[in-house]
Amino acid sequence: MNELRCDLGALSAAVERELARLGVAQADGRVAAAPDARAVRFYQGLGLVDRPAIRGRRAVYGERQLRQLVAIKLLQSRGLALAEIQRRLYGLSPAELEQLIATAPPPEKAPPPAAVSWSEVLLAPGVRLAIEAGAGPGLDPEELAERARAALAALLLTEGDDGGRSA
Amino acid sequence: MTGLPMLEVDDAGATRGLGELRAGAGASPFPLCAVDLKARVAGLVAEVELCQRFANPFPDPVEAVYVFPLAGDAAVTSFELRVGERRLAGELAERAEARRTYEEGLEAGHRAALLEQERDDLFTLQVGNVAPGEEVEVRLTTAEILPYRADGTAELRLPLVAGIRYVPGAPLDRDDCGDGVEPDTDEVPDASRITPPRLAAGLDPGVGLSLSVELLHGAGEGLAGLACSQHAICLAAAPGRTTVELARGGERLDRDFVLRWRLAGATVRPLLLAGRGPEGERPAVLTLLPPPETGHRRPRDVVFLVDRSGSMSGSKMIAAARAGAALLASLAATDRFALLAFDNEVESPDTSPALHAATPEAVARGERFLRKLEGRGGTELLPALKAALRLVPTDDEGRDALLVLLTDGEVANDGAVLAHLQRHPSPARIFTVGVDTAVNRPFLERLARLGRGSCRCVEPGAIDRALGELAREIGTPLVEGLALADGAALPGTVAPEHLPDLFAGQAAHLFLALAPEASAVALTGRGRDGAWALTVPAEELDLPALGALWARARVRDLEDRFRLAEGEQRTALREEIVALSCRHRILTRFTAWVLVDREEIVAGHERRRRLVQPVEVPAEWEEGDGQAMAVPCCSYAAFSMPRIARRIPRMDRLPALRAKAREASGEAEPALKLSRVLLDLRRWLEANRPRLAAGARLPTRQLARLRDDLLTVLQREMPDEVLDELERLFEALEALLDAPPRERPLHAIQVEGLLAGPFVRLLIALAEGEDEGKGGTAGADRFWEAPV
């Protein structure tokens, strides 16, 4: 890439192009694809983006700021808070910054809910026992159902005999 | 071959996984790892040793740049670098020369350090060629004379973070001269040197802070009213000595440490302390107290100028508005006033601002205006000050003209503001009221001194205590036209050279070199009822710092002159300052401390990285983008207690300690009524006791912090029933802390909710409940509805 020397608007557009090239522009709804002047100034205040050079009273941004903004946006798209981004980007050399952009971990997706299978056994009319496969008390579902039926029968019997008070 | 040993750097393992936390989770990538302050106060002179430790977590050598504050009056009297067992002493040199020495040392691969002064209270430290994995320590010592009030209250302020200064002007078409985040501008040509990057909200930089203050006093004399307005402290008392330390571990460097205490009655008098220098010179400090207020006050014309810029947002704005309202309420019917608020523009309750008679209606309107102010915009102080001064009548006989500026003073173009005032002296006296957790005090002091007024700084959390005094003290002096009788001071040695006036409530310090035979200093002046005269006998004191203090005061005068000087005069003044600096070994803006470790060459120094330490956003500052860093400011009263350093005493000893503390403090604390606050506290305890009794698995650090909070509360007077509950809670916490973390019973509890919520608020409320009893002014009371 040629040496970049541009104003803030062009920088912002360049960041957007680069993010699109890296495939992060639409990664996360929270990430504004193009940082506006206020955002750039804010990152500058945190030392995340270098001050622009001043040439004839105009701010001139370059490759360094472009790469810094790309890195910030990339990490933001991975769900990192600004504090964490500041910690990670602090003090990086240009080469390390490039390496970070190249090797940033893939977007953190919430792990897909593991497929859980339940088996249901009818104990009595209107009463079902749900057993999570592999997470039950370690008994064969049929055996468990058998015991539950016995327990239910005992419970109903007690209930009928003395109004809930067992000896 | 150089013959110098080369440091071998082990590169293995120095690489870290990019895109991952370096050096393990939670490790800080920032070079500054610890700050330690040790202050020793004898009478009104404080000597502080500041130690900053830097580490290098990177695989290459680094150069660390740290912009940090010191007390504005402080003279930096020594500079040292420690590498392992070796100590290297710094040298003072003319600034450009020192910078060159530093750069050359760095390029040659040596470790080097440079300390420069940017403002009265703002410094830049550079430590270069710190090898990977290495830790180095920078130590510097300072001396200062403490601000002092007529009731004997002394104040020690140890600033811990550089304020965020507003930078006006247009960027300059040249390379910036510093490493900060703002470009240099035509109005602030060194903006890039005084605007360090800030930490993002929620990032703990992992800087360990330790701080201790040793107060020396006569063996039989105690210290009364010792209070720390922004930190929880613990005390250790010994005969003739009281030691103050931070009560909590893990304090952030985000606000000034401010300690106030009252000296024993017998020592509250005019004083002339004289030292002896190596060549027989006699540097001395003269402390003057105002006479009691007598006579009637002349009618006043007061222009209030209130800073409502973005940096004032939140509690600072509320505090400033309350102070303004208290001052309005103190006006007499014969007074006139005008009220202005400024950010990028100047506003007033009137369409065209002018002086109005202080009728109840006008005052009420002013109060309403103040109450509605919200922080926004920039701090364009200079145009606002000009506008305010234009309202001051120039010819009104028989009336006193005053300008009262309420602000945090966080501007970067302080020099331009001062210069304007020097070029266009106003008939109005200028009073500055500084409101901030990390106020720009030296600037406000200089402004007030050049404006023949006085300066008072107040922390937003402690505003109520100061309101009554503010209203009493701002006004006409009790003594003016001070003059020293000939002969006592060597000619040209009195600093400040324009002697200050004496105002109610405030002491004034003068520095001078005593003539060889002089045994006293005689002064004359004009009091309210006629001539005023005073003779103060000299007391000899073995205090080497006096010479440095005198030189610092003298340099301040020369700096004021330099601001306006041109051509040859400018050169001559600069040379005089450099000469004073080198002779008395104090840092100035025209010199710098420098050192180069020529014994070693650090391998890989050509790959050196420059790291600028990001610093905290000051407490109570509210910034955009979720940057609000509001830290509650608690106003803790403190008691003298036997040493409680790290280990908090067991519960069973506390009642005895409290009794002892009451005895030692020598004065009964105002009894606290069982107010709403305490009822809240009980409610809170009831809600949380079951969880605490069940033994919540709280992180040790938070648990210890909660316990320390509680201990601070336990040191206060309060009804027994409340104490009993608090003590039970304290015991529960102690028991939890004694159990190893793994063995603490499991219990889900939201620690953040517990600590950040009700308890901290209660502590604040407790502190404020006490203030309420101490009264204020009528105007202040009406502001209680404000959502503080």
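Residues numbered from 1 in each chain as written. Chains lettered and ligands numbered in written order. Predicted model: local features only at pLDDT ≥ 70, side-chain atom pairs only at ≥ 80, totals over all residues. Heavy atoms only, no water.

Asks: Would you mind showing me how to read the overall build of chain B here?
Replies: What chain B contains, in helices and strands, is 15 helices and 33 strands. Here chain B holds 788 residues, and the buried ones make up 60% of them. Taking the contacts inside chain B whose residues are at least 6 apart along the sequence as the reference set, 77% of them involve residues at least 24 apart. Carbon and sulfur atoms make up 51% of the accessible area of chain B, which totals about 30800 Å². (Helix = DSSP H or I, 4+ residues; strand = E, 2+ residues; numbered from the N terminus. Buried < 20%, exposed > 50% of the residue type's maximum accessible area, 1.4 Å probe, protein only. Contact = heavy atoms within 4.5 Å. Areas by Shrake-Rupley, 256 points an atom, 1.4 Å probe, with all protein chains shown as cover.)

Asks: For this particular structure, what's the right way to read the pattern of salt bridges?
Replies: Close approach of charged atoms lets side chains of opposite charge pair. Tallying each qualifying case throughout the model produces 80 salt bridges over all chains. Residue Glu84 of chain A is joined to Arg87 of chain A by a salt bridge in which the shortest nitrogen-to-oxygen separation is 3.4 Å. In this pair, Glu84 of chain A and Arg87 of chain A both sit in helix α4 (residues 82–89), three residues apart, roughly one turn of the helix. You can call Glu84 of chain A buried: its relative accessible area is 18%. In this structure, the salt-bridge partner of Asp36 of chain B is Lys38 of chain B, at a minimum N-O distance of 2.7 Å. When its relative accessible area of 42% is taken as the criterion, Lys38 of chain B is described as partly exposed. The structure contains a network of salt bridges with shared partners spanning Asp120, Arg446, Arg449, Arg552, Glu559, Asp560, Arg563 and Arg589 of chain B. (Salt bridge = Lys/Arg side-chain N within 4 Å of Asp/Glu carboxyl O.)

Asks: Help me understand the layout of surface pockets in this model?
Replies: Left-over empty space is what a probe sized like a water molecule reveals as it rolls over the atoms. All names here are of chain B. The computed volume of the largest pocket comes to approximately 1200 Å³. What lines the largest pocket is a set of 49 residues, and nearest its centre among them are Glu445, Arg449, Gly453, Pro496 and Pro500. In terms of residue count, helix α6 (residues 441–450) provides more of the lining of the largest pocket than any other element does, seven residues in total. Here the lining of the largest pocket is composed, by residue class, of 23 nonpolar, nine polar and 17 charged. (1 Å grid on protein atoms, 1.4 Å probe; cavity = no way out; pocket = protein on both sides within 12 Å on 5 of 7 lines; lining within 4 Å. Points joined across faces, edges and corners; volume = space filled by probe spheres on them. Nonpolar A, V, L, I, M, F, W, Y, C, P; charged D, E, K, R; others polar.)

Asks: Please explain the nonpolar core as it appears in this structure.
Replies: Within soluble globular proteins, side chains that are nonpolar generally end up buried alongside one another. Within the largest apolar cluster, 126 residues are counted, with the highest numbers of intra-cluster contacts made by Leu89 of chain A together with Leu115, Leu156, Val213, Phe257, Leu259 and Trp261 of chain B. If one sorts the elements of this core by residue count, helix α8 (residues 545–564) of chain B sits on top with 10 residues. Val306, Leu339, Ala341 and Val435 of chain B belong to the second-largest nonpolar core, a separate cluster that totals 37 residues. (Core = buried A, V, L, I, M, F, W, Y, C linked by side-chain atoms within 4.5 Å.)

Asks: Please explain the pairing of strand β15 (residues 241–246) of chain B as it appears in this structure.
Replies: Residues in a regular strand point their side chains to alternate faces of the sheet. Residues and elements named next belong to chain B. Along β15, five of the six residues are buried, which leaves the element largely enclosed by surrounding structure. Across five bridges, the pairing between strand β12 (residues 208–216) and β15 is antiparallel. Its bridge partner lying in β15, Leu216 is registered against Arg241. For strand β14 (residues 233–238) and β15, the ladder comprises six bridges, and the chain directions are antiparallel. Looking at β15, one finds that Leu235 is bridged to Val244. The hairpin formed by β14 and β15 contains two residues between the paired strands, and Gly240 there has a positive phi angle of roughly 75°. (Pairing = 2+ DSSP bridges.)

Asks: When you look at the packing of aromatic side chains in this model, what are you seeing that I'm missing?
Replies: Given two aromatic rings, their pairing is described by the distance between the two centres and the angle made by the two planes. Residues and elements named next belong to chain B. Under the definition given, this model contains eight aromatic pairs over all chains. Each ring, one from Phe54 and one from Tyr66, has its centre 6.3 Å from the other, and the planes form 70°; the classification is edge-to-face. Remark: Tyr66 occurs in strand β4 (residues 62–69) and Phe54 occurs in strand β3 (residues 45–55); sequence separation between them is 12 residues. An identical accessibility class is assigned to Phe54 and Tyr66; each is buried. An aromatic cluster of three or more residues is present, and its members are Phe54, Tyr66, Phe68 and Phe123. Just above the ring of Phe590 sits the side chain of Arg574; from NZ or CZ to the centre is 5.8 Å. (Phe/Tyr/Trp six-rings, centres within 6.5 Å; stacked < 30°, edge-to-face > 60°. Lys NZ or Arg CZ within 6 Å of the ring centre and 35° of its normal.)

Asks: Whenever I open this one, the sheet that holds β4 of chain B confuses me. Can you help?
Replies: Strand pairs in the sheet, formed through backbone hydrogen bonds, run parallel or antiparallel to each other. All names here are of chain B. Read across the sheet, six strands follow the order β7-β30-β8-β9-β4-β32 without closing on themselves; strand pairing throughout is mixed. Lying at the two open borders of the sheet, with one neighbouring strand each, are β7 (91–94) and β32 (609–612). The mean inter-strand angle of the sheet, taken between neighbouring strand axes irrespective of direction, is 25°. As defined by bridge partners, strand β8 (residues 111–119) adjoins strand β9 (residues 122–130) across seven bridges and the pair is classed as antiparallel. Along β9, the bridge assignment pairs Gln117 with Phe123. (Axes fitted to C-alpha atoms, helices over the stretch in contact; angles between N-to-C directions.)

Asks: Whenever I open this one, the interface of chain B and chain A confuses me. Can you help?
Replies: Interfaces are often sized by the accessible area lost when the parts come together. Between chain B and chain A, the contact holds 44 residues from the first and 28 residues from the second. For the pair chain B and chain A, the two sides together bury roughly 2800 Å², of which 51% comes from carbon and sulfur. On the surface where chain B and chain A come into contact, there are four salt bridges. Arg41 of chain A is the salt-bridge partner of Glu182 of chain B, the closest N and O atoms lying 3.0 Å from each other. Applying the counting criterion to the chain B and chain A interface returns 11 residue pairs in polar contact (both at pLDDT 80 or more). (Buried area = accessible area lost by both parts, 1.4 Å probe. Polar contact = N/O pair within 3.5 Å; in protein donor to acceptor, adjacent residues only side chain to side chain.)

Asks: In this structure, what is going on with unusual backbone geometry? I would like to understand it.
Replies: Leaving glycine aside, a negative phi is the common case for residues, and trans is the common case for peptide bonds. All names here are of chain B. Following Ala495, the chain continues to Pro496 via a peptide bond in cis, the omega torsion being 0°. As for its placement among the helices and strands, Pro496 is situated in the loop between β26 (479–484) and β27 (508–514). Positive phi, normally seen in glycine, also occurs at Asn129, with a value near 60°. Relative to the elements of secondary structure, Asn129 occurs in strand β9. Look at Arg452: it is not a glycine, yet its phi comes out positive at around 60°. With respect to the element layout, Arg452 can be found in the loop between α6 and β25 (455–458).

Asks: Can you help me understand the state of the cysteines in this one?
Replies: Disulfides are covalent bonds that link the sulfur atoms of two cysteine residues. Enumeration according to the criterion identifies zero disulfides over all chains in this entry. Cys457 of chain B supplies the cysteine sulfur nearest to Cys455 of chain B, a cysteine that is in no disulfide, at a spacing of 4.0 Å. (Disulfide = S-S within 2.5 Å.)

Asks: Just to check I follow, could you spell out the sheet that holds β15 of chain B for this structure?
Replies: Residues and elements named next belong to chain B. Ordered in space as β6-β5-β10-β3-β2-β12-β15-β14, the eight strands form an open sheet in which the pairing is mixed. Each of the sheet's edge strands pairs with one partner strand only, and the pair in question is β6 (86–89) and β14. Between one strand and the next, the sheet's axes are offset by a mean angle of 15°, whatever the strand orientation. Helix-sheet contacts for α8 involve β3, β5 (75–83) and β10 (135–145), and the interaxial angle to β10 is about 75°.

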